[in-house]
Each structure stands twice: as structure tokens, then as C-alpha cells.
Amino acid sequence: MIDSVATDSDSSNSTSGKTRTPAPGTRRTRRVRMTGAERREQLLDIGRALFAERGFEGTSVEEIAAKAGVSKPVVYEHFGGKEGLYAVVVDREMRQLLDMVTGALTAGHPRELLEQAAFALLDYIETYTDGFRILVRDSPVAQSTGTFASLISDIATQVEDILGLEFKARGFDPKLAPLYAQALVGMVALTGQWWLDVRKPKKAEVAAHLVNLAWHGLDGLEPKPRLVGHRRA
């Protein structure tokens, strides 16, 4: 299927060999065709904005098509429906965030690594706000990936190896690294979700406070932590 959008043009039209001059104050239109790749990107951009604003359930194929200036079958042709479009949008955002986090982890000192990870998430929220809104919303029931929980888990996996080395060097059980990785990443991610709307304090200050809590907590870590309350199970 070939689809197109309309743009204004001042060119005249000829019929039966005669040039027809447009009436004063009128403009003729020319249809400019999009390639399949261009249309796909347009639909992804529109879907991304709508999913961020209204969520999956609040967005319809009719609205996506209307904003793109195409018919519903065009959306189905490219993505098979709303679910397919949503899945592609989520996959792109997941990869973008994971790439930013893993790409930021370049320092040698653990505290600086924590700072880099915190900044990477906050940078993503600041630059790709719509994408983060989509990731923290509830995904369709049938979708097992692309949820906020799976996002945290994927990022935590990147942190496990770093923590495992630190635990081993300090005489702690490296098998506990996954637990602490989930806790640290979850702390940063949930703080980022809060910061998404308030945007105060400034990004660098948020990162500093996150690392302050995480690092000084790690610095005083007990090899075998004990409970101080009455509950034991």
C-alpha cells in the first residue's frame, strides 16, 4: 500500500493542453509521497507521544491513523495493530536506556560508577521523557517484557558483576550481589520516577544524594547483617 500526505504548492495545472490559472487567493495542493520507512517512523513517533500521554488502553488505532493522516489499514500493514506498535516503541526505549546505562559505566572506582549510573538514568528521563513515561506505565497484560520491573532487572544484571567483584574484595559473599544490585537500581529508578514530574532539585544534586545514600550505606556494610527488632521471619 502506498500512502501520502498533502502539502501546499503554487504550481498551476493543465487540462486538455490548456493552462488553467488558479483564481486569486487560492492555492493548489500537491501530494508528496512518503516511503514505507518514513511512514513507519512517523507512526512510531505519533504512537510514542500518545502512549506517553494516555497509556496503552487510552490510545486507539483510529487516533494514531488520524494524526498521521492515513487510514487504519496503513497502521495494521506496518505493525499488525496497536499491540505491535506499542511493542516496537517499548523495545526501542528499553534499548536506549540500557545502552545509556551500560555505556556510562566506564569508571574504575565503585563510587564513580554509582554516580555514572545515576546520571545515565536521569539523563534518559530528561532527554527521553515520553519514553520513560511509557516504561513506568502498566503494560498490556499479555506482555511479559518491557515492564518497569523487567527494566530494573535488566539494568541490575549489568551491575551485578561490578558488585560481585567488590563483595569478593571486601570478604562478603558475592552470591548476594544480585540482591544488592536490584536494591540499588530500584532505589535509583524509583527516585527517577518521582523526579520525572517534580524536576527538583537539579539533576546533579539528585545524583549526589542518591550516591551519598548508596555509598555510605555500602561503606558501612556488615558482612552478616542482623535484625534489631523483634521480628525474625
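In this report, the structure presented in the accompanying data block is examined. Computed from a predicted model, the values in this text were never measured in an experiment. (Residues numbered from 1 in each chain as written. Predicted model: local features only at pLDDT ≥ 70, side-chain atom pairs only at ≥ 80, totals over all residues. Heavy atoms only, no water.)

### Points about the environment of Val70
Where we set the bar: The helix and strand labels rest on DSSP assignments: H or I over at least four residues marks a helix, E over at least two residues marks a strand, and numbering proceeds from the N terminus. Residue burial is assigned from relative accessible area. The probe radius is 1.4 Å, only protein chains are included, and a residue is buried under 20% of its type maximum, exposed over 50%, and partly exposed in between.
Secondary-structure assignment places Val70 in the loop between helix H2 (61-68) and helix H3 (72-79). Given a relative accessible area of 14%, Val70 falls into the buried group.

### Focus: the packing of helix H4 (residues 82-104) against helix H7 (residues 148-170)
Test applied: Geometry is summarised by axes, namely lines fitted to C-alpha atoms with helices restricted to the contacting stretch, and by angles between N-to-C directions that run from 0 to 180 degrees. Geometric relationships in this document are graded by angle, where less than 35 degrees denotes roughly parallel, more than 145 denotes roughly antiparallel, 65 to 115 denotes roughly perpendicular, and other angles denote oblique. The sense of a crossing depends on the near helix, which, turned anticlockwise from the far helix by less than a right angle, makes the crossing left-handed and, turned clockwise, makes it right-handed. Two residues form a contact once any of their heavy atoms are found within 4.5 Å. For this classification, the nonpolar set comprises Ala, Val, Leu, Ile, Met, Phe, Trp, Tyr, Cys and Pro, the charged set comprises Asp, Glu, Lys and Arg, and every other residue, Gly included, is treated as polar.
Interaxial distance between H4 and H7 falls to 10 Å at its minimum, and their mutual angle equals 25°. One way to sum up the angle between H4 and H7 is to call them roughly parallel. Relative to H7, H4 is oriented so that their crossing is right-handed. Residues Met94, Leu97, Leu98, Val101 and Thr102 of H4 form the contact with H7, whose participating residues are Ser150, Leu151, Asp154, Ile155 and Gln158. In terms of residue class, the contact of H4 with H7 is built from six nonpolar, three polar and one charged.

### Comments concerning unusual backbone geometry
Lys200 connects to Pro201 through a cis peptide bond whose omega is -5°. Considering the arrangement of structural elements, one finds Pro201 in the loop between helix H8 (177-198) and helix H9 (203-219). The residue Arg199 is not glycine, and still its phi comes out positive at about 55°. Relative to the helices and strands, Arg199 resides in the loop between H8 and H9.

### Details of empty space enclosed by the protein
Applicable threshold: Space inside and on the surface of the protein is sampled on a 1 Å grid over the protein atoms alone, with a cavity defined as a set of points where a 1.4 Å probe fits but cannot get out and a pocket as an open set with protein on both sides within 12 Å along at least 5 of 7 lines; lining residues have an atom within 4 Å of a point. Grid points are joined across faces, edges and corners, and a volume is the space filled by probe spheres set on the points.
Taken as a whole and assessed by the stated rule, the structure comprises two cavities of 30 Å³ or more. Volume-wise, the largest cavity comes out at about 410 Å³. What lines the largest cavity is a set of 29 residues, and nearest its centre among them are Leu113, Leu114, Ala117, Val159 and Leu184. The leading source of residues in the lining of the largest cavity is H7, at nine residues. Taken together, the residues of the lining of the largest cavity sort by class into 27 nonpolar, no polar and two charged. By volume, the second largest cavity is sized at about 30 Å³. Lining of the second largest cavity is provided by Phe167, Phe172, Leu176, Tyr180, Leu221, Glu222 and Pro223. Partitioned by chemical class, the residues of the lining of the second largest cavity number six nonpolar, no polar and one charged.

### Re the pattern of salt bridges
The test is simple: Here a salt bridge means any side-chain nitrogen of Lys or Arg lying within 4 Å of a carboxyl oxygen belonging to Asp or Glu.
Applying the stated rule across the entire model yields 10 salt bridges. One salt bridge connects Arg170 with Glu166, and the closest N-O pair in it is separated by 3.6 Å. One end of the pair is Arg170 and the other is Glu166, both in helix H7 and four residues apart, which spans about a single turn. Here the salt bridges share partners, and the residues they tie into one network are Glu53, Arg54 and Glu63.

### Quick word on the nonpolar core
What counts is decided by this rule: In this text, buried Ala, Val, Leu, Ile, Met, Phe, Trp, Tyr and Cys residues form a nonpolar core when linked through side-chain atoms within 4.5 Å.
Core analysis: the largest hydrophobic core is formed by 59 residues, its most contacted members being Leu97 and Phe132. Residue contributions to this core peak at nine residues, all from H8. Residue contacts for Phe132: discarding those within four places in its chain leaves Leu121, Tyr124, Ile125, Phe148, Ala189, Gly192, Gln193 and Leu196.

### Section: the side chain of Gln42
Our working rule: Polar contact is defined as a pair of N or O atoms within 3.5 Å, subject to the rule that within protein one atom must be able to donate a hydrogen and the other to accept it, and that residues adjacent in sequence are counted only when both atoms are side-chain atoms.
Counting through the fold element by element, Gln42 comes out in helix H1 (residues 36-54). One polar contact links the side chain of Gln42 to the main-chain carbonyl oxygen of Ala68, over a distance of 3.4 Å.

### Focus: the packing of H1 against H4
Relative placement of two packed helices is described by the angle separating their axes and the distance separating the axes. Look at H1 against H4: their axes get within 10 Å of each other, and the N-to-C directions meet at 85°. Classed by the angle they form, the pair H1 and H4 counts as roughly perpendicular. Side by side, H1 and H4 meet where Arg40, Glu41, Leu43, Leu44, Gly47, Arg48 and Phe51 of the first sit next to Lys82, Leu85, Tyr86, Val88, Val89, Arg92 and Glu93 of the second. Residue classes in the contact of H1 with H4 are distributed as seven nonpolar, one polar and six charged.

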